Amino acid sequence: IFVGSNGAAEMNSYHVLSPVGEGSFGRVYKGRRKGTGMVVALKVMPKLGRSQNDLQMLKKETEIMRDLRHPNIVQLFDRNAAVHVP
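Quick caveat, the model's predicted, so the values are computed rather than measured.

### Looking at the pairing of strand S4 (residues 39-46)
Okay, so step 1: Where strand S3 (residues 27-33) and S4 come together, six bridges link them in antiparallel fashion. Bridging from a neighbouring strand, Arg27 pairs with Val44 of S4.

### Here's the deal with the UniProt feature "binding site: ATP" (unreviewed entry) in the protein
Okay, so step 1: Sequence positions flagged by UniProt for "binding site: ATP" (unreviewed entry) are, in local numbering, Lys43.
Okay, so step 2: For Lys43, the location among the structural elements is in strand S4.
Okay, so step 3: Take Lys43: its relative accessible area is 34%, and that puts it in the partly exposed class.

### Some points on helix H1 (residues 52-67)
Okay, so step 1: Between the first and last C-alpha of H1 there are 24 Å, a value that for 16 residues agrees with the 22 Å anticipated at 1.5 Å per step.
Okay, so step 2: Those residues of H1 lying buried are Leu55, Leu58 and Thr62. Projected down its long axis, H1 shows its buried positions confined to an angular sector of 55°, all on one face. Of the exposed residues in H1, those oriented more than 90 degrees away from the buried face are Met57, Lys60, Ile64 and Asp67.

### Here we look at the pattern of salt bridges
Proximity of charged atoms lets side chains of opposite charge pair with each other.
Okay, so step 1: Applying the stated criterion to the full structure yields one salt bridge.
Okay, so step 2: In this structure, Glu22 and Arg27 form a salt bridge, with 3.3 Å as the shortest nitrogen-oxygen distance.
Okay, so step 3: For Arg27, a relative accessible area of 41% gives the class partly exposed.

### Here's the deal with the environment of Ser13
Okay, so step 1: Mapped onto the elements of the fold, Ser13 is located in the loop between strand S1 (2-4) and strand S2 (14-22).
Okay, so step 2: Since its relative accessible area comes to 39%, Ser13 is described here as partly exposed.
Okay, so step 3: With 23 residues separating them along the chain, Ser13 and Thr36 place their C-alpha atoms 9.9 Å apart.
Okay, so step 4: Residue contacts for Ser13: discarding those within four places in its chain leaves Arg32, Arg33 and Lys34.

Scoring rules and cut-offs
Residues numbered from 1 in each chain as written. Predicted model: local features only at pLDDT ≥ 70, side-chain atom pairs only at ≥ 80, totals over all residues. Heavy atoms only, no water. Pairing = 2+ DSSP bridges. Helix = DSSP H or I, 4+ residues; strand = E, 2+ residues; numbered from the N terminus. UniProt positions renumbered as here; feature names shortened; annotations may be inferred. Buried < 20%, exposed > 50% of the residue type's maximum accessible area, 1.4 Å probe, protein only. Expected span 1.5 Å × (residues − 1). Arc of directions from axis to C-beta. Salt bridge = Lys/Arg side-chain N within 4 Å of Asp/Glu carboxyl O. Contact = heavy atoms within 4.5 Å.

Right, here's the structure in full:
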């Protein structure tokens, strides 16, 4: 999950391959992790317009997701809060 001020994020560890979908919280892209070649979903959420409470809830949610291991739950590998990427 990448959170950026303008809806984009610095994803230096990933190649963005193609858009997958868009929802009320952001966009999802198909990506490939550099170095390993692992295919991943990249969720990009804009920081702009989010309250401090929303950002705190997102942080807590991703901390919980990071530790979950279940075959029916998508595994969270990285979380990055980017300030701005043109």
